[in-house]
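Geometric and topological summary
Spelled out from the first residue to the last, the chains are:
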Amino acid sequence: MQNMNLYSRGDRLFVRVNMVLIGLFTLSTLYPFIYIAAVSFSSGFAARAGLVVLSPVEVTLAAYGRVLSEPQFWNSYGNTFIYTIGGTLTSLVIIIPGAYALSRPQLLGRRFWNLMVAFTMWFHAGMIPFWLNIRDLGLLDSYFGIIIAFACNAFNIILLRNFFESIPSSFEEAARMDGANEFQVLWKVFVPLSKPAIATITLFCVVSRWNGFFWAMVLLNDEGKIPLQVYLRQTIATLSDDEEFSSTLIDAPYSVETVTAAIIVCSIIPVLCFYPFAQKYFNKGILLGGVKE
Amino acid sequence: MTDLPASSAGSANSAGEQADGASARPMQERLVWLADHFKREWQIYVMLAPMIIWFLLFLYKPMYGLQIAFKDYSIFRGIVESPWVGLEHFETLFNNSQFLRAVKNTVIISALSLIFGFPVPIFLALMFNEILHALYRRTCQTIVYLPHFISTVIIAGIVITAFSPSAGIVNTIIGWIGIEPVYFLIKPEWFRPIFIGSGIWQEAGFSSIIFLAAIAGVNPSLYESAVVDGASRWQMMWKITIPSIMPTIIIMLIIRIGNLMEVGFELIILLYQPATYQTADVINTFIYRQGLQSGQYDLAAAAGLFNAVVAFVLVMAANSVSKRVSRTSLW
């Protein structure tokens, strides 16, 4: 439909200008990544002197050497995997049956339960009562605390509930005839039919777990339990604050900037690997999320 | 809807006939019906329970704990035993210049993000829509969506590196045109532009998805008849596409206004310094410092309650406005 009206000169100009503008925006999105990658492979001296613009200057792997030889880096990397996988599975185990129950017409007090979930989207107690609650529950400084305390959120539950509600009841009738109970109906009928919605929620969980830093920073004191993002923050903070460290670096093959850049590259790589798979779903996810309350 | 069909039928029957046992029998019937219901349907309650327990334990229990905003909270006495002090903390807050500054900054940063950030995804969606080369379009989309998936800490790391006074690319570039290096991150006047700019960089691409979806939903016959009338693409964009997605734009705008109190404070915590507090400190960073760093839990909880109540009112207002808008302008 849209191809046929490319006739006039004005249209062609419009389309070209448009392509150039989008291209520029895309490049400006991409550039910071290129810059960081270039810095991470440059020598400390070149980075310090601001010589790196587009490609590495005085190529060296020294910064990576320093980052990868740090046991704490690997430890926090491992922790991030624990929080991401453990947290996502916990979320799914609670959210899928819960959303299914909320979608059942025979559930007593259905409106009340739904409102109870939705209300938390509009009002929350805030940072301090939440923190005190975690402390009082004895979940500070624990893997389990981080995993369980962020297991649910109203948005994901409502998204999945709406999806379950949109599945016609004719699908479950055959299973009911065969005497399937609710668990079997959920597992054999609803879950397979809801793959796009479940994939979307999984994506949201994985992304928020992988990237989560604030609560991990606030709830974990034990260095052995911190995830990668908290480690990255600490490294950036100590590296850039520490005058002494900076001055010892004059002869070193790496600098504050190159080490920071190297950690950033290392923590982006898994996201880049996951991204192509995720891409399939987030378009759908946003649209599923757009459906009414 | 389907709540208690049996009992309501039962009470309707018995109401007129027997005045004496009228209250006892429906009650009994109701209990029998309930017992039967739970016997048949216990499984969905088992499914529901973990989620409800989670909500009570992690979201509703803290709401109960909000009472410390009205108490002189001491760790040793606990939430319930601490003595009430009424509105003392709120009085303290509204006489505290730091808190008032944080409120002001929250509103200013939110409003500026809205003014500069809101139109960008709309422009992007309109422009993506005009790109006919599928591969080019897909490649650009893939790239501009990417920053959404990058963590705040990495964004902060990139900003700190890029704006570093000695080594950062920004100072290198302004050096080419002869400007002296600026230590951007300790200059209060630069904090907001940097914060809002990095927000746009991170989210504008991803936010365009919702508008692209709205554009995809425009009736194609509108374009077909416009082509017959000899309209240019530019005209079609202004006369068809933009009016058609106006409801989406208005609803997104209302939602954004409803979320005015939500500033991305995680990025602020990572980027601000005492030198930039005057333009950077928002309510949530104030709460974080007063509560979690200085241990003034009650005062910080009061600030949080103020924030939550204002946010709640805004969100509710936004919800009701958007319901009205979507009913009248989406058909």
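Residues numbered from 1 in each chain as written. Chains lettered and ligands numbered in written order. Predicted model: local features only at pLDDT ≥ 70, side-chain atom pairs only at ≥ 80, totals over all residues. Heavy atoms only, no water.

What follows covers the overall build of chain B. If you tally the helices and strands in chain B, you get 16 helices and zero strands. Taken over the C-alpha trace, chain B has a radius of gyration of 28 Å; the compact-globule value for 331 residues is 20 Å, which it surpasses by more than 25%. Projected onto the principal axes, the alpha-carbon positions of chain B cover approximately 95 × 70 × 35 Å. Sorting the 331 residues of chain B into buried and exposed places 50% on the buried side. Surface summary for chain B: the accessible area is close to 16200 Å², and the carbon and sulfur share equals 65%. (Helix = DSSP H or I, 4+ residues; strand = E, 2+ residues; numbered from the N terminus. Rg over C-alpha atoms; globule rule 2.2 N^0.38 Å. Buried < 20%, exposed > 50% of the residue type's maximum accessible area, 1.4 Å probe, protein only. Areas by Shrake-Rupley, 256 points an atom, 1.4 Å probe, with all protein chains shown as cover.)

In terms of regular secondary structure, chain A is built from 15 helices and zero strands. Taking all 293 residues of chain A together, 54% fall into the buried category. Contacts in chain A between residues far apart in sequence, at least 24 positions, make up 71% of those at least 6 positions apart. When the accessible surface of chain A is totalled, it reaches about 13400 Å², and 68% of it is carbon and sulfur. (Contact = heavy atoms within 4.5 Å.)

Scanning all chains against the criterion turns up 14 salt bridges over all chains. For the salt bridge of Arg104 of chain A with Glu172 of chain A, the shortest nitrogen-to-oxygen distance reads 2.8 Å. With a gap of 68 residues between them, Arg104 of chain A in the loop between α4 (71-103) and α5 (110-122) and Glu172 of chain A in helix α9 (residues 170-177) connect regions that are remote in the sequence. Take Arg104 of chain A and Glu172 of chain A: they sit in the same class, and that class is buried. Here Asp281 of chain B makes a salt bridge to Arg289 of chain B, at a shortest N to O gap of 2.7 Å. Judged by its relative accessible area of 9%, Arg289 of chain B is buried. A network of salt bridges, in which partner residues are shared, links Arg104, Glu172, Arg176 and Glu182 of chain A. (Salt bridge = Lys/Arg side-chain N within 4 Å of Asp/Glu carboxyl O.)

Contacts between the two partners involve 101 residues from chain B, matched on the other side by 99 residues from chain A. Buried surface at the junction of chain B and chain A, both sides included, amounts to about 9100 Å², of which 77% is carbon and sulfur. Among the residues of chain B in contact with chain A, Met47, Phe58 and Phe149 of chain B are the three that bury the most area, contributing 8% of the side total. Linking chain B with chain A are zero salt bridges. Here chain B and chain A share 21 residue pairs in polar contact (both at pLDDT 80 or more) between them. (Buried area = accessible area lost by both parts, 1.4 Å probe. Polar contact = N/O pair within 3.5 Å; in protein donor to acceptor, adjacent residues only side chain to side chain.)

Moving on: the domain arrangement of chain A. Residue and element names in this part refer to chain A. Structurally, chain A comprises domain 1 (4-69 + 233-272) and domain 2 (77-223 + 282-288). One C-alpha centre belongs to domain 1, the other to domain 2, and the line joining them spans 36 Å. At the junction of the two partners, domain 1 supplies six residues and domain 2 supplies five residues. Buried surface at the junction of domain 1 and domain 2, both sides included, amounts to about 420 Å², of which 59% is carbon and sulfur. The largest share of the area that domain 1 buries against domain 2 comes from Arg233, Gln234 and Pro270, three residues that together contribute 67% of it. Put simply, domain 1 and domain 2 have zero salt bridges between them. At the boundary of domain 1 with domain 2, the tally comes to two residue pairs in polar contact (both at pLDDT 80 or more). Secondary-structure elements contributing two or more residues to the side of domain 1 that touches domain 2 are α13 (228-241) and α15 (256-290). Looking at the side of domain 1 that touches domain 2, its residues break down into three nonpolar, two polar and one charged. (Domains from an automatic or database assignment. Nonpolar A, V, L, I, M, F, W, Y, C, P; charged D, E, K, R; others polar.)

Turning to its location among the elements, Thr276 of chain B is positioned in the loop between α13 (265-271) and α14 (277-280). For Thr276 of chain B, the residues in contact, after removing those within four places along its chain, are Leu185, Ile186, Lys187, Pro188 and Phe191 of chain B.

For chain B, the assigned domains are domain 1 (13-61) and domain 2 (88-326). Here the C-alpha centre of domain 2 of chain B lies 46 Å away from the C-alpha centre of domain 1 of chain B.

Residues and elements named next belong to chain A. The final tally for this structure, using the stated rule, is zero disulfides over all chains. Free of any disulfide, Cys152 has its nearest cysteine sulfur in Cys205, 9.0 Å distant. Of the residues examined, Cys205 reaches a relative accessible area of 5% and is grouped as buried. (Disulfide = S-S within 2.5 Å.)

Right, let's get into unusual backbone geometry. Residue and element names in this part refer to chain A. Even without being a glycine, Glu58 presents a positive backbone phi close to 55 degrees. If you trace the backbone, Glu58 turns up in the loop between α2 (44-48) and α3 (62-68). The partly exposed category is assigned to Glu58, whose relative accessible area is 46%. Residue Asp141 is not a glycine yet carries a positive backbone phi of 60 degrees. With respect to the helices, strands and loops of the structure, Asp141 is situated in the loop between α6 (127-136) and α7 (143-149). The exposure class assigned to Asp141 is partly exposed, which follows from its relative accessible area of 23%.

A few words on helix α5 (residues 97-117) of chain B. Residues and elements named next belong to chain B. When the terminal C-alpha atoms of α5 are compared, their 29 Å separation across 21 residues agrees well with the 30 Å that a helix rising 1.5 Å per residue should span. Three or more residues of α5 are buried, namely Phe99, Ala102, Val103, Asn105, Thr106, Ile109, Ser110, Ser113, Leu114 and Gly117. The buried residues of α5 occupy one face: seen down the axis, they fall within an arc of 165 degrees. Pointing more than 90 degrees away from the buried face of α5 are the exposed residues Ser97, Lys104, Ile115 and Phe116. For α5, the N-terminal cap is Asn96; the gap from its side-chain oxygen to the backbone nitrogen of Gln98 is 2.7 Å. (Expected span 1.5 Å × (residues − 1). Arc of directions from axis to C-beta.)

Turning to the packing of aromatic side chains, a few remarks are in order. Tallied over the entire structure, the rule returns 47 aromatic pairs over all chains. Summarising the aromatic geometry, the rings of Phe184 of chain B and Trp190 of chain B are spaced 5.0 Å apart at their centres and angled 85 degrees between planes, so their arrangement reads as edge-to-face. Residue Trp190 of chain B is classed as partly exposed on the basis of its relative accessible area of 35%. Pairwise contacts between aromatic rings join Phe130, Phe150, Phe213, Phe214 and Trp215 of chain A together with Phe265 and Tyr288 of chain B into one cluster. The residue whose ring lies beneath Lys71 of chain B is Trp84 of chain B, and the NZ or CZ to ring-centre distance is 4.4 Å. Looking at Arg289 of chain B, its charged tip hangs above the ring of Tyr277 of chain B, at a distance of 4.2 Å from the centre. (Phe/Tyr/Trp six-rings, centres within 6.5 Å; stacked < 30°, edge-to-face > 60°. Lys NZ or Arg CZ within 6 Å of the ring centre and 35° of its normal.)

Residues and elements named next belong to chain B. Residues of chain B with pLDDT of at least 70 account for 91%, and the chain-wide mean is 88. Note on residues 1-19: pLDDT is under 50 here. Beyond four places in sequence and across chains, it has 15 contacts. Scored by ipTM, the complex comes to 0.90, with pTM at 0.87. (pLDDT = per-residue confidence, 0-100.)

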